[in-house]
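# Survey of secondary and tertiary structure
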Amino acid sequence: MPMKASKVEPQIHTRKQKKDTPWILYIFNHKCFVTTIIGCYSCHWKIKQEKKLKRGQCCSLRERLFYPCLIISFCMSVLLVFVWVESSNEYNGFDWVIFIGTGLWFFWSIVLLSFLGILAAYTSLLLVLGFLLLWEGIELYLHWCHKILILLVIVMCSFFFWILFTYWRDRWLTVGLSLQVFAPYIHLSSIAMMVILSWPLAFYLIRLEGEARFRRYQMTCNERKRNKCNVLTQLRALQVAIGLPFFLILLCLYLLPLGNFSPCVQEKDKLAPKPDLFGHRGAPMLGPENTIMAFEKAVEHGACGLESDVHISYDHVPFLMHDSDLRRTTNIKEVLPNASLTHPSLFDWDFLSTLNAGKWFSQALIKPFFGMKPLSEADMERAGNQKIPKLTELLELAQKEKKFVIFDLNGPAPNHSLRALYVRHVVSIILDSQIEQRLVFWLPAFEREYVKKKAPGFRQVSRLFSVERLTKENITRVNVDYKNLFYNGMREYRAANISINLYLVNEPWLFSLAWCSRIQSVTTDNIQVLNEMTQPSYFMTPKYYLIVWILMDILSAVFIVAILYFHWWKERKKEKLLNSTSIHTDIQETASNIEKGSLETLGLWPSSSQPRSKEPSNTQAPSVSQQPPRRKLSHHQDPPKGNMLPGVAKNIRSPMSPKGNVKPPASPKEKIKPPVSTTGDIKPPAPLKGEVKPPVHPKGVVKPPAPPKMEARPLASPKREVKPPVPLKGKAKPPVFSKGQV
C-alpha cells in the first residue's frame, strides 16, 4: 500500500500543477520562443543545442561585416516610409501622374506606401530578432536568403532616393513642414524612446563593466605593464563609444526646446482667424470634379470661393475641364474611343455637351480619393447624370451665392483659331455674364495689362514673385504652392500686406500649420473636413509646453538612473554570489587538508608514504560517503581562520608538529595495575559530541594521548583499519566508533 501511494502522489501533484498553470505556458514556452526566433533569423527550425556566445564575441567576422548593411537598409526604409507618409497630401496628384503615363486609375500611392512599409517592417523584424538572439546569448547567423533580400532593399531604397533628389526635391520641404508642426510631439516621443532604449543600453554597459572586472582579476600587474593597450582598455573604449553618444543625444533632447520653433506653439490671443476655403474643382470628394454638383456641394460646406480649370472648345465656348484629354472624367472611350487622347479644345461644344461627366465617379469600383466616404443613393444618381458645364454656369452660381471665382486658363491647341486671342475672349465672356468684378480673382499672367484696363474691378492674383515686383505691379494677392511656406512662413509677404492663398491643402495638420502661420486662404479638396475644424490641430500654449517639457525631462532622468542602478545592483548581486561560492569552496578544501595533516601527525590517519593493508579486517571504521578528491592548498594562500574547525584551530599550530593541549604519556613511576579479567564482553563507552575517546580499560591500563577536539567531517579515504588495544585477560571487543567519528 505505501508503495502504491508513493507512486500516485506525484501524478496527482503533476495533474494539479497542469490544471493551475495557464495553458499558454505549455504552448509558448521558452524553448518554443528560442526556436522561433532562431528559425526566423537563421532559417533553422530544428530543435538543437545552439552555439552560445563566448566572452567578447557575438558572431563570426562575416556576420559582423554584413550587420551594418542590415542597419543601413533599416534606416533607409524607415526614412522613405516617413517621407511618403508625410506626403499624404499629394497622394491624389501622384495617382494622377501615374494615370497620365499608364492610362490606368488606381491607388498607386497606397501601393507604394504598402510596399515601403513592408520593407521597413522586414528590416525592423530582422533587427529585433538579432537583438533577441544576443539577449539569449546565441551566436548570430543570418541566412543567405535574408542577406540577398537586404541587398535588394538597399538597391530599391537607393533608387527611390535618386528619384526624390532628382524629380521631387520639394517633397523634402513637406517633411520640413511636418517637423514644424509635430516638433513638440516628436521631442517628447524621442525622450520616451530614449528611456526605452536605456534598458538594453544599461544592460550592455554593466555587462561590459563586469567583463572588465573579470579580466582585471585574471591579469597580473606584470601583464598590465607589458600590455599597455590591453583588453581592459578596449572594454573601456567600447563603453565610451556606446554610452557617450546616448547621453549626448539625451542632453540635446533635454535642451532642444530652447532652440525649437513651431508655429503651433503660441498664445491663444495671438492666433489669427481661420483661413478661408476655396473648393478645388468644387468638392471633388462629394461630387464629380468640375461639375455643377461639386460646386454646389462646396457652397453647402462653407466655401468662400470656387476654383476651376477652363478650356475653350473649337467653336469658342469656354468650359470646365482639368486634364488635357477626356479619358479620366468622361465616357469618351464608349462614345468615340479613337478620339480619347485628343485635346479637349479640338471638339465642338455640341459634342462635348453630350458626354457624361459623372459615371466615372458614381459607378467606378475605384473612387478618385482613397478613404472617401460613400454617397447617398440620391447623390449617386445625381452624380451619374452630370455633364460638362460651361464657364458661364459657374459664374451664375458664384453670382447667386456671392462666392469668389478663381481659375486656371489653359491655352487651346496650336491649330486653334483663338490661339492668340483666347485671353481677351474669356474676359469678354466674363463681363457679359454680369457677375460682379470684385468676385473674380484673375490668375492668368498673360496680357495682365489688358485685363486691368478692360476689367479694373478684377482682383489680380499672381504667382510667387519677389515682393518688389508684386508691389510695382500693384498686386496684393499671391497663389502659391503650400511648400513655399517652409521658407520662414512667407513673413516678407505678410509684412508687405500681401494676401496669400495656398494650394493644395488637404490634410488637417497642414491646414493647422497654415492657420497658425496667419495664411488668409487655402485651396482644398477636403473641404467637408477642414470646414468643421474650430481650432488648429496640435496647438498648444508656450506655458503648457514648458510644463510638459520640464516634467518629461525630470521623469525620464529618474527612470534612466533607476534602470542603470537596477542593472548595476543585479550585476553586483551575481558577483557577490559567485565570490561567496568560491570562498566557501576554498575554505572547505583548506580545512580538509589541515585536518588530514593533523590526524596523520597524531597517528590516527595512515601516512601517505605507508602502504595501506588490503587484507580485510574484522575491526573497521564505518564507511563514509565517497567524495571527489580535493584540490591541495597552494603554497601562497594562508589557511582561513574564520571558518576553521574549532578543535584544529585551537590545538594545532602546524600540520607537521602537534602542539597544544595534547597530554604526554604517563610517566613510568606511576603504578600500572594489570587489568582485571572479566568473563563478559566489555561495552565501549558512549562517545561525546565532537570528541573521540579511546576505550577505558579496567584497572590501570595506560591511556593513550587524547586527540584534539574537532568536529566530525567526512574523510577522503573511505575505509581504514584501526587496531584496538589487546586486553590482558578476558575477551574484550574492540571499541565501536559511531559514524563520522574516529
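Residues numbered from 1 in each chain as written. Predicted model: local features only at pLDDT ≥ 70, side-chain atom pairs only at ≥ 80, totals over all residues. Heavy atoms only, no water.

Moving on, we get to the overall build of the chain. In terms of regular secondary structure, the chain is built from 24 helices and 9 strands. By element, 61% of the accessible surface of the chain is carried by carbon and sulfur atoms, the whole surface being about 44300 Å². (Helix = DSSP H or I, 4+ residues; strand = E, 2+ residues; numbered from the N terminus. Areas by Shrake-Rupley, 256 points an atom, 1.4 Å probe, with all protein chains shown as cover.)

In the contact formed by helix α11 (residues 292–300) and helix α16 (residues 391–401), the axes pass within 11 Å of each other and the chain directions differ by 20°. Between α11 and α16, the interaxial angle falls into the category roughly parallel. For the pair α11 and α16, the crossing hand works out as right-handed. Along the contact surface, α11 presents Ile-292, Phe-295, Glu-296 and Val-299, while α16 presents Glu-393, Leu-394, Leu-397 and Glu-401. A per-class count over the contact of α11 with α16 returns 5 nonpolar, no polar and 3 charged. (Axes fitted to C-alpha atoms, helices over the stretch in contact; angles between N-to-C directions. Parallel < 35°, antiparallel > 145°, perpendicular 65-115°, else oblique. Left-handed = near helix turned anticlockwise from the far one by under 90°. Contact = heavy atoms within 4.5 Å. Nonpolar A, V, L, I, M, F, W, Y, C, P; charged D, E, K, R; others polar.)

The omega torsion of the bond from Tyr-503 to Leu-504 falls at -10°, within 30 degrees of zero and hence cis. Phi at Arg-281 takes a positive value of approximately 60°, unusual for a residue other than glycine. With respect to the helices and strands, Arg-281 occurs in the loop between β1 (276–280) and α11. With a phi angle near 65°, Gln-434 is a residue other than glycine that sits in the positive phi range. Within the element layout of this structure, Gln-434 appears in the loop between α17 (422–432) and β5 (440–442).

As a further point, take helix α5 (residues 91–102). Across its 12 residues, α5 extends 16 Å between first and last C-alpha, which sits within 8% of the 16 Å expected from 1.5 Å per residue. Regarding α5, the residues found buried are Tyr-91, Phe-94, Asp-95 and Phe-99. Buried residues along α5 cover an arc of 140° about the axis, so they all sit on one side. One or two residues past the end of α5 sits Gly-103, with phi positive at roughly 80°. (Expected span 1.5 Å × (residues − 1). Buried < 20%, exposed > 50% of the residue type's maximum accessible area, 1.4 Å probe, protein only. Arc of directions from axis to C-beta.)

Take the UniProt feature "transmembrane region" (unreviewed entry) in the chain next. Sites flagged by UniProt as "transmembrane region" (unreviewed entry) map to residues 23–44, 65–85, 105–135, 147–165, 185–206, 235–256 and 544–566. Split by type, residues 65–85 is 100% helix and 0% strand. Its first and last C-alpha atoms lie 32 Å apart. The span residues 235–256 is 95% helical and 0% strand by assignment, and the distance between its end C-alpha atoms comes to 32 Å. (UniProt positions renumbered as here; feature names shortened; annotations may be inferred.)

Moving on: helix α21 (residues 508–516). Within α21, 8 of the 9 residues are buried, which leaves the element mostly enclosed by the surrounding structure. Every buried residue of α21 is accounted for by Trp-509, Leu-510, Phe-511, Ser-512, Leu-513, Ala-514, Trp-515 and Cys-516.

Within the largest apolar cluster, 69 residues are counted, with the highest numbers of intra-cluster contacts made by Ile-430, Trp-442 and Leu-502. Tallying contributions element by element places α21 first for this core, with 7 residues. Residues in contact with Trp-442, not counting those within four places in the same chain, are Phe-407, Leu-409, Val-423, Val-427, Ile-430, Arg-448, Val-451, Phe-458, Arg-459, Gln-460 and Val-461. Counting 34 residues, the second largest nonpolar core, distinct from the first, contains Leu-80, Leu-116, Leu-129 and Cys-157. (Core = buried A, V, L, I, M, F, W, Y, C linked by side-chain atoms within 4.5 Å.)

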